[in-house]
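Chains, contacts and geometry: an overview
Each chain, written out:
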Amino acid sequence: MNLLTKKLSKTDLIGVVVLSAIILVLFPTVFSIFRLNLIGKYLTYAFVGVSLVLLWGNGGILSLGQGVFFGLGGYCMAMFLKLEASDPIATKIQTTPGIPDFMDWNQITKLPLFWLPFKSLTFTILAILLVPAFFAFIIGVAMFKRRVGGVYFAIITQAVALILSVLIVGQQGLTGGINGITDLKTMHGWDIRSDSAKYILYYANGVLLIGCVVFTRWVLSTKFGMLLLALREKEDRVRFSGYDVANFKTLAFCMSAVMCAIGGAMFTLQVGFMSPSFVGITPSIEMVIYTAVGGRMSVVGAVFGTLLVNFAKTFFSEQYPDLWLFLMGGTFIGVVMLFPDGLAGLFERFGKPFLARMTSGKASPKKNDEPTVAVAAALESGGKHG
Amino acid sequence: MSLNEIGSMVAMQGFSGLSLFTVLLLMALGLAIIFGQMGVINMAHGEFMAIGAYVVYLFSQLTQNYAPGLREVYFVPAVVAAFFVAAAVGYVVEVLLIRRLYKRPLDTLLATWGLSLAMQQFFRSFINPKEVSAELPEWLLGAFNPTPSIQVPRNGIFVMGLTILVTIGVYTLMLKSRWGVRIRATTQNRVMSSAVGINTDRVDRFTFALGCGIAGLAGAAFTTIGSTGPTSGSLYIVDTFLVVVFGGAANLIGTIASAFSIAQAQSLLEFFLTSAMAKVLTLLTIIIILMIRPQGLFTTKVRT
């Protein structure tokens, strides 16, 4: 098992280098800034994809509420930017100048208390990291300490996603409602809508994403990562060996939440708005499919999966809008039934032997992590009521 | 507001809670069989409900165009057809998809979510992208007034009756019939059941079809209350899962009790708050209760 991890991290290192080259060199040279901005948006979803590799692929914990954390991060950033965009001079035609426009439309005359600290950038950045971590901690402790796992955890996180999106839509005066927080312009006076800012944000996003990829890879190679894998395979045995399983699960859940939140904040910066349509159940489950397409065990694969699904989505929903949902549905079914290891699995099976033959001439089809996935799947059913 | 008026208000709000209750309960009964008994997370359950609703709509269109004289009676065969069409689709889905995924519950969730997306698009492309509603027979329209200030809609009474019938049916089938014994035996111990001669594959297929058929009935009931759109079913799916989990996954009495309390809580809160806040509060309460009592309200003691 230990050998396997070492082997994986070596191949993943090459993967990380290739990924960095594609994100930081290839895309910026090939695409115009408009397309690049779009890719930047997709890459913010990849944060969620990577977080799910940690949580679901390796930990066996399927959260259908990752949109919640993506949204929390995005909303924190959006609140800061919105406050800056609604200074008293820019909003002097409002009944109450100096508050966000949607509050004015909803007859709110004073900035709500929880918006006040978001005037500070330092606080905002801390909030982006800590608020989702705090929520994940609460949910994690409450669920895992009582040994709620598997299917039930998925259903409950899904309900949390529903609650948050309904809450945001329902509290229009405080959150901007269904339209979300729009018209974001500057960050400390720096115009985030200019082309140069878009380039800088794209690179910042790329570097952060690669940072998350490397971090996740590192976490998975530590003893903690080993334990995650072990408790996915047979939770009870880990517990009987004296480990407090709930703490490890909670930690993994918090880490994944923070990654999602960074993605959400970068989304707001690059796209210029945040809305409840990125918080609810549909986006949360859609993000799971990015990971599944990329290969649930592969960190780098998750990024490629995200890009592939989103390219396909953009192409098909522009050209054949009717076909897209059929294709999306088919992808869900096909990936689960035929390619449970996703792109990474296909690469392991066909790409690697091919590369090996090309480079050295001696083909050596290596045993990869596939068996563990199959074993995990088989074991998962055994512990479904456990 | 006099005391009498408040009383009538509570009674009518309570009745609107009852119609939510019936839809939730019919959905949840199907899901309690599929999820509670078989352990399959069927995210497309809402779409099976939509199938039922569309079957009733189709019958209503056909009667309107070809046999207007049958308007008063078409509804009953339409409800029966809704059950069988949804069950047939469920049977096919089980054979093609679910059967291969019993050992991977979380993957079933993803696959059936994909199925639900495809089914929604199917409704949109081939039936109608907008909401449709069936032409209801005369005897389902209007209201029944027990006192001058209380109005009870007739469709509500019909749906209530249907729900009670289905509930008794499911209860008898699951707990009193030989088939129910086979279903419960299979879910408790598959290997042992097949060793004593139960054809577990066949039991799985029919159980899944039965659950989907009941969802179809929920859809048929739903047409008397509201109009049906491609995404109507998906609006109820999370609530339905919570009803089943909250009630204690494999427990029919629990399912009824939890559907009742969730529906009543939501519609009573709607009277005081906006409907969004009522929903938030209800769901939040359920989640908090589930955190304290993860096994749900009622549990069936099973030795495994």
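Residues numbered from 1 in each chain as written. Chains lettered and ligands numbered in written order. Predicted model: local features only at pLDDT ≥ 70, side-chain atom pairs only at ≥ 80, totals over all residues.

Things to note about the overall build of chain A
To be explicit about the condition: Labels follow the DSSP assignment, with helices taken as runs of H or I lasting at least four residues and strands as runs of E lasting at least two, numbered in each case from the N terminus. In this scheme every C-beta is placed from the backbone, and a residue whose C-beta has 20 or more other C-beta atoms within 10 Å is buried, one with 12 or fewer is exposed, and one in between is partly exposed. By the criterion used throughout, residues are in contact when their C-beta atoms, derived from the backbone, lie within 7 Å.
For chain A, the count of helices and strands is 16 helices and two strands. Reported as C-alpha extents along the three principal axes, the dimensions of chain A are approximately 70 × 50 × 40 Å. When the 386 residues of chain A are sorted by exposure, 47% land in the buried category. Of all intrachain contacts in chain A linking residues separated by at least 6 positions in sequence, the fraction that spans at least 24 positions is 79%.

Observations regarding the overall build of chain B
Test applied: With C-alpha atoms as the basis for the radius of gyration, the globule rule is written as 2.2 Å multiplied by the number of residues raised to the power 0.38.
Scanning chain B from N- to C-terminus turns up 11 helices and two strands. Mapped from its N terminus to its C terminus, chain B presents α and β elements in the order α-α-α-α-β-β-α-α-α-α-α-α-α. Against the 2.2 N^0.38 benchmark of 19 Å for 304 residues, chain B shows a C-alpha radius of gyration of 20 Å, consistent with a compact globule. Projecting the C-alpha coordinates of chain B onto the three principal axes gives extents of approximately 65 × 55 × 35 Å. Of all 304 residues assigned to chain B, the portion counted as buried reaches 51%. Contacts spanning at least 24 positions in sequence make up 78% of the contacts within chain B whose residues lie at least 6 apart.

Here we look at the packing of helix α3 (residues 75–96) of chain B against helix α8 (residues 200–223) of chain B
Residue and element names in this part refer to chain B. We apply this condition: Helix axes are fitted only over the stretch in contact, all axes being lines through C-alpha atoms; the angle between N-to-C directions runs from 0 to 180 degrees. Orientation labels follow simple angle bins: below 35 degrees gives roughly parallel, above 145 gives roughly antiparallel, 65 to 115 gives roughly perpendicular, and whatever is left gives oblique. Crossing handedness: left-handed means the near helix sits turned counterclockwise from the far one by under a right angle, and right-handed means the same turn made clockwise. Amino acids are sorted into nonpolar (Ala, Val, Leu, Ile, Met, Phe, Trp, Tyr, Cys and Pro), charged (Asp, Glu, Lys and Arg) and polar (every other residue, Gly among them).
Closest axis-to-axis distance for the α3/α8 pair is 7 Å, and the angle between their directions is 140 degrees. By the angle class used here, α3 and α8 are oblique. Between α3 and α8 the crossing geometry is right-handed. Split by residue class, the contact of α3 with α8 holds 18 nonpolar, five polar and three charged.

Things to note about the interface of chain A and chain B
One frequent convention defines the size of an interface as the accessible area lost when the parts assemble. Facing the 42 residues of chain A at the interface are 37 residues of chain B. Secondary-structure elements contributing two or more residues to the side of chain A that touches chain B are α5 (121–144), α6 (150–170), α12 (281–294), α14 (321–337) and α16 (370–382) of chain A. With 15 residues, the top contributor of residues to the side of chain A that touches chain B is α6(A). Here the residues of the side of chain A that touches chain B are counted per class, giving 30 nonpolar, eight polar and four charged.

Some thoughts on unusual backbone geometry
Residues and elements named next belong to chain A. Phi at Arg147 is positive, roughly 60 degrees, even though this residue is not glycine. Within the secondary structure, Arg147 is located in the loop between α5 and α6. Of the residues examined, Arg147 has 14 C-beta atoms within 10 Å and is grouped as partly exposed.

Thoughts on the packing of helix α9 (residues 232–247) of chain B against helix α11 (residues 275–292) of chain B
Residues and elements named next belong to chain B. Where α9 contacts α11, the axes come no closer than 11 Å and their chain directions differ by 35 degrees. The handedness of the crossing between α9 and α11 comes out as left-handed. Across from Leu242, Val245 and Phe246 in α9, the residues of α11 making contact are Leu283, Ile286 and Leu290. A per-class count over the contact of α9 with α11 returns six nonpolar, no polar and no charged.

Comments concerning the confidence of the model for chain A
Reading predicted coordinates in detail is not appropriate for stretches of low pLDDT. Residue and element names in this part refer to chain A. Note the threshold: Values of pLDDT, ranging from 0 to 100, describe the predictor's confidence in every residue of the model.
Counting all residues, the mean pLDDT for chain A is 84, and 90% of those residues have values of 70 or more. Mean pLDDT values over the elements of chain A span from 46, in α16, up to 93, in helix α11 (residues 245–271). Here residues 362–386 scores under 50 on pLDDT; set against residues more than four positions off or in separate chains, the count is 40 contacts.

Some details on the environment of A:Ala85
Residue and element names in this part refer to chain A. Among the secondary structure elements, Ala85 is positioned in helix α3 (residues 66–85). Classification of Ala85 as partly exposed rests on a count of 19 C-beta atoms within 10 Å. Along the backbone, Ala85 and Gly98 are 13 residues apart, and their C-alpha atoms lie at a distance of 9.1 Å. Contacts of Ala85, omitting those with residues within four sequence positions, involve Ala90, Asp183, Leu184, Lys185 and Thr186.

Notes on the environment of B:Val10
Residues and elements named next belong to chain B. Topologically, Val10 is positioned in helix α1 (residues 3–37). With 12 C-beta atoms counted inside 10 Å, the residue Val10 sits in the exposed group. C-alpha separation for the pair Val10 and Thr240, spaced 230 residues apart in sequence, amounts to 25 Å.

Observations concerning α11(A)
What counts, and what does not: Working rule for helices: expected span equals 1.5 Å times residues minus one.
The first and last C-alpha atoms of α11(A) sit 39 Å apart over 27 residues, in line with the 39 Å expected at 1.5 Å per residue. Burial analysis of α11(A) places 23 of its 27 residues in the buried class, which makes it a mostly covered element.

What to know about α5(A)
Stated precisely, the cut-off is as follows: To obtain the bend at a residue, axes are fitted to the seven residues ending there and to the seven starting there, and the angle between these axes is taken.
Given a rise of 1.5 Å per residue, 24 residues ought to cover 34 Å, and the 34 Å separating the end C-alpha atoms of α5(A) matches this to within 8%. In the structure, α5(A) departs most strongly from a straight axis at A:Ala127, where the bend amounts to approximately 35 degrees. Taken residue by residue, α5(A) has A:Thr124, A:Ala127, A:Ile128, A:Pro132, A:Ala133, A:Phe135, A:Ala136, A:Ile139, A:Gly140, A:Met143 and A:Phe144 as its buried positions. If you follow the buried residues of α5(A), they end up packed against α3, α6 and α11 of chain A together with α11 of chain B.

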